[in-house]
Amino acid sequence: MKKGFDNAKYLQMQSQHIRERIAQFDNKLYLEFGGKLFDDYHASRVLPGFEPDSKLQMLLQLKEQAEIVIVISAQDIISSKVRGDYGITYDLDVLRLIDAFQGMGLFVGSVCVTMYTAAPEVEAFEHKLNSVGVRTFRHYKIPGYPQRRGPHRQRRGLRQERLHPRPQRPLVVITAPGPGSGKMATCLSQLYHEHKRGVKAGYAKFETFPIWNLPLKHPVNLAYEAATADLNDVNMIDPFHLEAYGVTTVNYNRDIEIFPVVNAMFELIAGKSPYKSPTDMGVNMAGNCIVDDEACREASRNEIIRRYFKALCDQKTGKNVENELFKLELLLNQAGLAVGDRAV
């Protein structure tokens, strides 16, 4: 396959951009990592030349500055939620991540159990981690979060939560086994307590897709919608960025919908928000490292069709993927594709 992405340029540019974002604040940045840190095969399929462990390799360039906090929801522990790609439960994946990070020389500071609920499964999980020297802490549910954003309500919720030990390194990477684990709430809680201590820490989000500086209907961005068809994510023009700067950028519906809440929280914590849009919060530089646009377009078109075939196979095995198939058919139409366009 023809190379479409310069991986070496990406590693250099991405790590440098994160360093600049750390310096923008009080030498303390909470970086929410979306997507996969390991084995990002979707990115390597749609950006030929992108190595599956590129994000990990980028993080290794910052390892002297970085501390990792892994987040998992208590409900996911209790329900034994399973990762679709590896077929292992989220709690086991946390152990896998710890081993993998430490094996690469990265410092895992602690594990946060979010939306804490007292249950034998949760206590056993915490005990297992503590017994091998990994600190755990708990975040409790904030009533109405994130929809209700009254300052007194949210301040009371943030006061319940504190990270022990306090992260000492300039870059605190917040990651999780999967979506809905509570990464954003963990970051906001930490910002609140940092500012209470007089540390003007900042927040940023590292999400590879959608690529903000590619067109909305670029096949790379459509392939992201195909990859998240089960979540029904929708790429959108960032209206906040357009209003603030007159520049068209791409984000996805969940980040755009939550931005007013996050912005209000920044104002509550720091007195003012450092960002004017969801795009501002991001640090992704992948779009600047595409060296052959047509190669990436072709790879992404193939990926959309592959996702459609996979959903058809899932349907044959009895899985309920009707909504997913409908979304994928829409994406095929948007991309001008037919199932026969991809060699099998």
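Our structure's up above, just so we're on the same page.
Presented here is a report on the structure given in the accompanying data block. (Residues numbered from 1 in each chain as written. Predicted model: local features only at pLDDT ≥ 70, side-chain atom pairs only at ≥ 80, totals over all residues. Heavy atoms only, no water.)

1. Some thoughts on the overall build of the chain
Moving on, step 1. Check the secondary structure of the chain and you find 14 helices and eight strands.
Moving on, step 2. For 344 residues, the compact-globule estimate of 2.2 N^0.38 gives 20 Å, and the C-alpha radius of gyration of the chain, at 20 Å, lies within 12% of that figure.
Moving on, step 3. Taken along the three principal axes of its C-alpha coordinates, the chain extends 60 × 45 × 40 Å.
Moving on, step 4. For the chain, the residues scored as buried account for 52% of the 344 residues in total.
Moving on, step 5. Long-range pairs, those at least 24 residues apart, make up 73% of the contacts in the chain with a sequence separation of at least 6.
Moving on, step 6. When the accessible surface of the chain is summed, it comes to about 15400 Å², and 51% of that surface belongs to carbon and sulfur atoms.
Moving on, step 7. Averaging the coordinates of the 44 positive side-chain charges in the chain and doing the same for the 40 negative ones gives two points 6 Å apart. (Helix = DSSP H or I, 4+ residues; strand = E, 2+ residues; numbered from the N terminus. Rg over C-alpha atoms; globule rule 2.2 N^0.38 Å. Buried < 20%, exposed > 50% of the residue type's maximum accessible area, 1.4 Å probe, protein only. Contact = heavy atoms within 4.5 Å. Areas by Shrake-Rupley, 256 points an atom, 1.4 Å probe, with all protein chains shown as cover. Lys, Arg positive; Asp, Glu negative; His and termini not counted. Charge placed at Lys NZ, Arg CZ, Asp CG, Glu CD.)

2. Focus on unusual backbone geometry
Moving on, step 1. In the segment running from Phe209 into Pro210, the intervening peptide bond is cis, with an omega of -5°.
Moving on, step 2. Inspection of the secondary structure assignment puts Pro210 in the loop between β6 (202-206) and α9 (219-227).
Moving on, step 3. A positive phi angle, close to 55°, is found at Asn27, a residue other than glycine.
Moving on, step 4. Looking at the secondary structure, you find Asn27 in the loop between α1 (7-24) and β1 (29-33).

3. With respect to helix α11 (residues 253-270)
Moving on, step 1. Along its 18 residues, α11 runs 26 Å from first to last C-alpha, staying within 8% of the 26 Å computed at 1.5 Å per residue.
Moving on, step 2. Residue Phe259 marks the point of greatest curvature in α11, where the axis turns by about 45°; the proline Pro260 follows within four residues.
Moving on, step 3. Taken together, the buried positions of α11 are Asn253, Asp255, Ile256, Phe259, Val261, Val262, Asn263, Met265, Phe266, Leu268 and Ile269.
Moving on, step 4. Just downstream of α11, Gly271 is the residue with a positive phi angle, here 95°. (Expected span 1.5 Å × (residues − 1). Bend = angle between axes of the 7 residues up to and from the residue.)

4. Examining the environment of Val234
Moving on, step 1. If you trace the backbone, Val234 turns up in the loop between α9 and β7 (235-237).
Moving on, step 2. Take Val234: its relative accessible area is 33%, and that puts it in the partly exposed class.
Moving on, step 3. Considering only alpha carbons, one finds Val234 and Leu222, 12 residues apart in sequence, at a separation of 9.1 Å.
Moving on, step 4. In contact with Val234, not counting residues within four places along its chain, are Glu225, Asn251, Tyr252, Asn253 and Lys327.

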